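# Reading the structure
What follows is the residue order along each chain.
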Amino acid sequence: MIVNNVRLVLENEVVAGSLEMRDGIIASFSENRSQLPGALDGEDAWLLPGLVELHTDNLDKFFTPRPKVDWPAHSAMSSHDALMVASGITTVLDAIAVGDVRDGGHRLDNLNKMIGAIRDSQRKALNRVEHRLHLRCELPYHITLPLFEALMETPELSLVSLMDHSPGQRQYTSLEKYREYFQGKYQLNDQQMDEYEREQVELAALWSQPNREAIAAHCRARSIAIASHDDATSAHVQESHAIGSAIAEFPTTLEAAAASRACGMQILMGAPNIVRGASHSGNVAAWQLAERGLLDILSSDYYPASLLDAVFRLVADERNTLDLPQAAALVSRNPARALGLNDRGVIAEGLRADLVLAHTEHGHPHIRHVWAQGRMVY
């Protein structure tokens, strides 16, 4: 396969030319147009590395498309995979919650079903892109550690994040924002919300710290990458760094982001935060970190199409100095390297031919084609 007449987004520059794929890898690229009649005309579009997504809970939406609706696993996985492809994502870590923010939540019910679907579809080569596993460990629960220990030998497990969504902690230092979110999510009246809040505080005091230490120890022993989550203070960051966190997911303040960088952690923020221009939880805006050089990785989190959109928005934002190769690295090279996946994330000879062909029309990126290991999947 030869893709002709494209703007190649390389690691450090953008050049016009063509690219050849062979046997699933990038065989060569050139600053000249190919003269072969069978070459695909890219129509002067951008050719970028395939996007690498470290944290999306999008799969959960397909398994439970409505409350109390239990969708068949094969159909749910296939639909999720299709959305990843259409968003330009060629490597995805499906984030599955271990423990839950409310006993009886559907995430807990679907835990084994979703992990089984990921593993089965990958083993049977049913997916168009590569799916790996990210376990989101909700720390303030007695069930979290035993559930994690039952899953920690899963071969597809590539990342573990340690989360504490209890009131007054990290993402929810603002109790007003905490109540607003969970009352809306669970349709609780004020009295029910008061009781729920008390329960969460008690559970966090009992389980968060021992679970954090035990799960981190298991990860270190197995060389599984650890991510902190929603750190708000330098003290939070020091705690995360001490247990071996390599990635700082969604730091909520400039203080926490700066402390994460000082500790050598990769700073991950949400692409929806870039697209919307602000955090939905009232925390630090991702563009504020980008303009200070405190942004390494973007994740689509809850909206897959936001990943590529955020790249071009960052480049167009006059507040930032990122050029297109630097912005593209946030969704390709940097997340791949954070996991030690050195065979992808960059357009270079000998690497995986995971590629995205995108036009920018009317101020928005539109994906024309996607290749995963040299095979056109979109």
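Data block above holds the structure.
Heads up: these notes are all about the structure in this document. Given the structure is predicted, the values throughout are model-derived calculations rather than measurements. (Residues numbered from 1 in each chain as written. Predicted model: local features only at pLDDT ≥ 70, side-chain atom pairs only at ≥ 80, totals over all residues. Heavy atoms only, no water.)

## Remarks on empty space enclosed by the protein
By the definition in use, this model includes three cavities of 30 Å³ or more. Roughly 60 Å³ of internal volume is contained in the largest cavity. Contributing to the lining of the largest cavity are Val9, Leu10, Glu11, Pro49, Pro325, Ala328, Ala329, Ser332, Arg333, Gly345, Val346 and Ile347. The element that contributes the greatest number of residues to the lining of the largest cavity is helix α12 (residues 324–329), accounting for three residues. Across the lining of the largest cavity, the residue classes break down as eight nonpolar, two polar and two charged. (1 Å grid on protein atoms, 1.4 Å probe; cavity = no way out; pocket = protein on both sides within 12 Å on 5 of 7 lines; lining within 4 Å. Points joined across faces, edges and corners; volume = space filled by probe spheres on them. Helix = DSSP H or I, 4+ residues; strand = E, 2+ residues; numbered from the N terminus. Nonpolar A, V, L, I, M, F, W, Y, C, P; charged D, E, K, R; others polar.)

## Some points on the sheet that holds strand β4 (residues 40–49)
One open sheet accounts for seven strands, arranged β3-β2-β1-β4-β13-β14-β15; its pairing is mixed. Of all the strands in the sheet, the pair left with one neighbour each is β3 (25–30) and β15 (375–376). Sheet topology note: the strand β1 (residues 2–9)/strand β2 (residues 14–22) ladder contains six bridges and is antiparallel. Bridge pairing links Val6 to Gly17 in β2. This element, helix α11 (residues 306–316), spans β4, β13 (355–361) and β14 (364–372) of the sheet and lies at about 130° to β14. (Pairing = 2+ DSSP bridges. Contact = heavy atoms within 4.5 Å. Axes fitted to C-alpha atoms, helices over the stretch in contact; angles between N-to-C directions.)

## So, the pairing of β13
Side-chain positions along a regular strand alternate between the two faces of the sheet. The element β13 is extensively covered by neighbouring structure, given that five of its seven residues are classed as buried. Relative to β13, β4 runs antiparallel, the two being bridged by four bridges. Bridge pairing in β13 places Pro49 opposite Leu355. Note that β13 and β14 share seven bridges and pair antiparallel. Across the sheet, the residue bridging to Val356 is Val370, located in β14. (Buried < 20%, exposed > 50% of the residue type's maximum accessible area, 1.4 Å probe, protein only.)

## Quick word on the pattern of salt bridges
In the structure shown here, the tally under the stated rule is 23 salt bridges. For Glu130, the salt bridge is made with Arg344, and the minimal N-O distance between the two is 3.0 Å. With Glu130 in strand β7 (residues 130–138) and Arg344 in the loop between α13 (333–338) and β13, this pair connects stretches of sequence that are 214 residues apart. With relative accessibility at 17%, the residue Glu130 sits in the buried group. Residue classification places Arg344 among the buried positions, given a relative accessible area of 5%. Between Glu130 and Arg352 there is a salt bridge, with its nearest N and O atoms 2.9 Å apart. Of this pair, Glu130 sits in strand β7 while Arg352 sits in the loop between α13 and β13, and the two are 222 residues apart along the sequence. With respect to class, Glu130 is no different from Arg352; both count as buried. Taken together, the shared-partner salt bridges in this structure form one network comprising Glu130, Arg132, Asp343, Arg344, Arg352 and Asp354. (Salt bridge = Lys/Arg side-chain N within 4 Å of Asp/Glu carboxyl O.)

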